[in-house]
2 protein chains.
Amino acid sequence: MKKQTTKNAEKETRQRLMDAGLRLFGLHGVGATSTRALALEAGVNLSAIPYHFGGKEGLYRAVLEHTIGVKLAEVGPGLDRVLAACANPSAGRGELLAAMRTLVRTMVTVMLGSPESRSFSQIMMQEQIAPTGAFNIFHDGFFAKVHGVWTQLLGRLLGLPPESLELRLRALAVMGQMVIFRVGMSGILRVVGGEKLSDAHLECITRLCIQQVEAIVAGYEPACPELGAMSGLLEGAQ
Amino acid sequence: MKKQTTKNAEKETRQRLMDAGLRLFGLHGVGATSTRALALEAGVNLSAIPYHFGGKEGLYRAVLEHTIGVKLAEVGPGLDRVLAACANPSAGRGELLAAMRTLVRTMVTVMLGSPESRSFSQIMMQEQIAPTGAFNIFHDGFFAKVHGVWTQLLGRLLGLPPESLELRLRALAVMGQMVIFRVGMSGILRVVGGEKLSDAHLECITRLCIQQVEAIVAGYEPACPELGAMSGLLEGAQ
DNA sequence: AGGTTTAATTCAATCGAATGAATGAATCAA
DNA sequence: TTGATTCATTCATTCGATTGAATTAAACCT
């Protein structure tokens, strides 16, 4: 018994701290989370934080990098599949739309499905609100990737060049349809009722987002023609 | 000179503290914002916080209530106009679509236009992440109102009953197209380039959101038919 | 109007509590 | 025994709030 407990604590101290960090950092942010609260939540001695991670900030960075790795492994294959479809010049509208459907499904599942994705999204939002030094990890490792895939996919479907400003903004708006269910979760649960979204809710959200994106693609008309060649507004166009 | 300074400080101490609070609470949250930072930012003595607001939390509530009042005054008229159109049984598709366009324009302007709206949205996001006792103020006073208007409007345009679960979720998804530009601002600025969205960007976002909502309305097909009568999933249907 | 009192507000100094980190002893597996 | 890890204790700092004196504008009185 003692050995088990000890063994667990030893090998898993880092992991327990990172779990606690993911939860508490997501809930209250780095600044408002105390090392003592972290140690208590993890069931670990306070000094384990400076010892294993060099301090609270170090734990935060470790949590970020680890969680981003996990999430990227979840979405990565889906993203690659979509990218492959986009890169294939002979891919028809049907295949591109199929790729879109899997992309929506992947996003909804990853963002809303697992419970730890809640904390992940919370930390991501905190970084969007007040970017810390770790913002780049999120942006380059996640946000930009997903946005890039949507941009390529919609570019093919709408016939817009990948550098188009309107295309990039449209990709964001389309993503927003899914993201809002994560961002506004607290409020949404009050509107919909209940303490968490049921599987039926998730399935409905998925289908309805797919259907709306299909409608957007079908009914597309240029909205900002005068900005057509306005990729000049893009600085880091790449 | 001295009198002016003095006079300003006297009459405006509360206001200055609330301005500072809006900015700092939005940036770092209540827990991570120190009274000293607030006093410094406001150019005011530290004791003014307990004196005028009873403490940091009191200042937070005051900031919330005041700012919500201001924002509601900005959107209120626009919302009412849309509600009036929805309530008018003889309103045709054209009038409803016109109402939709002003609703999109209002949301984009209020959320992305003014600089203090940034802090407001940031605080709103903080409350969505970790609702405090003040969450109700936001939800009932803002979120639920805007969502209700979108629900009514889309209900008319799509021919769905106001209690429909799919309708409510669709209203959220549609709102998400605009909300994401506020929520993901930090990341968006990296994607688009620059330090803030220009007027040209805002106009493009507005038009493109309008066009996409038009497409969604035009291309609507029920996505969750089996949930058609599933307002049973709604607890507080009202 | 001029001088005095009064209540409200601001201020510097200070409080106890909580913070993040460091320390060295204690514990453990190897 | 050795090196790694955990632990209780301690440190300097910062936190939110309080205190009582100082300052101010306004009300009052003659």
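Within each chain, residue numbers correspond to sequence positions counted from 1 in written order. Here the convention is simple: chains get letters from A, ligands get numbers from 1, in the order in which they are written. Since the coordinates come from a predicted model, pLDDT governs what is reported: local features require at least 70, and pairs of side-chain atoms require 80 or more to be given and counted, while whole-chain, interface and lining totals use all residues. The side-chain values count all of the structure's non-hydrogen atoms but skip hydrogen atoms and water molecules.

### Overview of the interface of chain B and chain A
Step number 1: Contacts are residue-level and defined by heavy atoms, with any inter-residue pair within 4.5 Å sufficient. Taken residue by residue, the interface counts 64 residues in chain B and 65 residues in chain A.
Step number 2: Both faces considered, chain B and chain A share a buried interface measuring about 5400 Å² in area, 69% of it formed by carbon and sulfur atoms.
Step number 3: Salt bridges are counted wherever a side-chain nitrogen of Lys or Arg sits within 4 Å of a carboxyl oxygen of Asp or Glu. Our count for the contact surface shared by chain B and chain A stands at zero salt bridges.
Step number 4: Here a polar contact means two N or O atoms within 3.5 Å. Within protein one must be a hydrogen donor candidate and the other an acceptor candidate, and residues neighboring in sequence count only if both atoms are side-chain atoms. On inspection of chain B and its partner chain A, the count reaches 14 residue pairs in polar contact (both at pLDDT 80 or more).
Step number 5: Helix and strand definitions here come from DSSP, where helices need a minimum of 4 consecutive H or I residues and strands a minimum of 2 consecutive E residues; each element is numbered from the N-terminal end. Elements represented by at least two residues in the side of chain B that touches chain A include exactly α1 (2-28), α6 (116-129), α7 (135-158), α8 (165-183), α9 (185-192) and α10 (199-218) of chain B.
Step number 6: For the side of chain B that touches chain A, the element with the most residues is α8 of chain B, which contributes 15 residues.
Step number 7: Here the residues of the side of chain B that touches chain A are counted per class, giving 35 nonpolar, 20 polar and nine charged. Note on definitions: buried area is the accessible-area loss of two parts on being combined, 1.4 Å probe, summed for both. Charged residues are taken to be Asp, Glu, Lys and Arg, nonpolar residues to be Ala, Val, Leu, Ile, Met, Phe, Trp, Tyr, Cys and Pro, and polar residues to be all remaining types, Gly included.

### Overview of the confidence of the model for chain A
All names here are of chain A.
Step number 1: With 90% of its residues at a pLDDT of 70 or more, chain A has an overall mean of 88.
Step number 2: Contacts for the low-pLDDT stretch residues 1-10, under 50 throughout, to residues beyond four places or in other chains number two contacts.
Step number 3: Counted against residues more than four places away or in other chains, residues 232-238, with its pLDDT under 50, gives 15 contacts. Every residue is assigned a pLDDT by the predictor, reflecting its confidence on a scale from 0 to 100.

### A few points about the state of the cysteines
Step number 1: To count as a disulfide, a pair of cysteine sulfur atoms needs to be within 2.5 Å. Evaluated as defined, the whole model comprises two disulfides over all chains.
Step number 2: Sulfur-sulfur distance for the disulfide between C204 of chain A and C224 of chain B comes to 2.4 Å. Judged by the sign of its S-S torsion, about 95 degrees, the cystine formed by C204 of chain A and C224 of chain B is right-handed. Note that C204 of chain A is positioned in helix α10 (residues 199-218) and C224 of chain B in the segment after α10, a pairing that runs across two chains. C224 of chain B carries the same exposure label as C204 of chain A, and that label is buried.
Step number 3: Counting only cysteine sulfurs, C204 of chain B is the nearest neighbor of C209 of chain B, a cysteine outside any disulfide, at a range of 9.2 Å.
Step number 4: Judged by its relative accessible area of 0%, C209 of chain B falls in the buried class. Whether a residue is buried, partly exposed or exposed follows from its accessible area with a 1.4 Å probe, protein chains only, as a fraction of its type maximum: under 20%, in between, or over 50%, in that order.

### Here we look at the side chain of T67 of chain A
Residue and element names in this part refer to chain A.
Step number 1: Within the secondary structure, T67 is located in helix α4 (residues 56-87).
Step number 2: A polar atom in the side chain of T67 sits 2.5 Å from the backbone oxygen of V63.
Step number 3: Sequence-distant contacts of T67, that is, excluding residues within four places in its chain, are made with L22 and F120.

### Section: the nonpolar core
Step number 1: Throughout, nonpolar core names a set of buried Ala, Val, Leu, Ile, Met, Phe, Trp, Tyr and Cys residues whose side chains join them through atoms within 4.5 Å. Membership of the largest hydrophobic core comes to 170 residues, with the highest contact counts inside it found for W150, L153 and F181 of chain A together with W150, L153 and F181 of chain B.
Step number 2: Excluding residues that lie within four positions of it along the chain, L153 of chain B makes contacts with V82, C86, L96, A99, M100 and L103 of chain B.

### Considering the relation of the copies chain B and chain A
Step number 1: The fit set for superposing copies consists of C-alpha atoms from residues with pLDDT of at least 70 in both; the fit itself is least squares. Rotating chain B by 180 degrees about the axis while translating it 0.0 Å along that axis superimposes it on chain A, leaving an RMSD of 0.1 Å. The transformation just described matches what one would write down for a two-fold rotation axis.
Step number 2: In this assembly, 100% of the residues forming the interface of chain B have copies in chain A that are likewise at the interface, indicating an isologous arrangement.

### Looking at the layout of surface pockets
Step number 1: For cavity detection a 1 Å grid was placed over the protein atoms alone, and a set of points counts as a cavity when a 1.4 Å probe fits there but cannot get out; an open set counts as a pocket when protein lies on both sides within 12 Å along at least five of seven lines, with lining residues being those that have an atom within 4 Å of a point. Grid points are joined across faces, edges and corners, and a volume is the space filled by probe spheres set on the points. Size it by volume and the largest pocket reaches roughly 660 Å³.
Step number 2: As for the largest pocket, its lining consists of 33 residues, of which H28 and Q126 of chain A together with H28, G29 and Q126 of chain B are closest to the centre.
Step number 3: Counting residues per element, the ones that place at least two in the lining of the largest pocket are α1 (2-28), α4 and α6 (116-129) of chain A together with α1, α4 (56-87) and α6 of chain B.
Step number 4: Here the lining of the largest pocket is composed, by residue class, of 15 nonpolar, twelve polar and six charged.

### Observations concerning helix α2 (residues 35-42) of chain A
All names here are of chain A.
Step number 1: Buried residues of α2: L38, A39 and A42, and no others. The buried residues of α2 occupy an angular sector of 95 degrees when the element is viewed end-on, so they sit on one face. Exposed residues lying more than 90 degrees from the buried face of α2 are R36 and L40.
Step number 2: Phi turns positive one or two residues past the end of α2, at G43, with a value near 65 degrees. Note that the arc is defined by the directions from the helix axis to the C-beta atoms.

### Concerning α9 of chain B
Step number 1: The buried fraction of α9 of chain B is high, at seven of eight residues.
Step number 2: G193 of chain B sits one or two positions beyond α9 of chain B and adopts a positive phi of about 95 degrees.

### Some points on the packing of aromatic side chains
Residue and element names in this part refer to chain A.
Step number 1: The pairing test for Phe, Tyr and Trp rings, Trp by its six-membered ring, is centres within 6.5 Å, and the orientation test on the planes gives stacked under 30 degrees, edge-to-face over 60, and tilted for anything in between. One pass over the structure, following the stated rule, counts six aromatic pairs over all chains.
Step number 2: Judged by centre distance (5.2 Å) and plane angle (90 degrees), the rings of F25 and Y60 are edge-to-face. A residue pair is termed long-range when its members are at least 10 positions apart, and F25 in helix α1 and Y60 in helix α4 qualify at 35 residues. Accessibility classification places F25 together with Y60 in one group, the buried group.
Step number 3: Relative to F142, the ring of F120 has its centre 5.2 Å away and its plane inclined at 70 degrees; by these criteria the two rings are edge-to-face.

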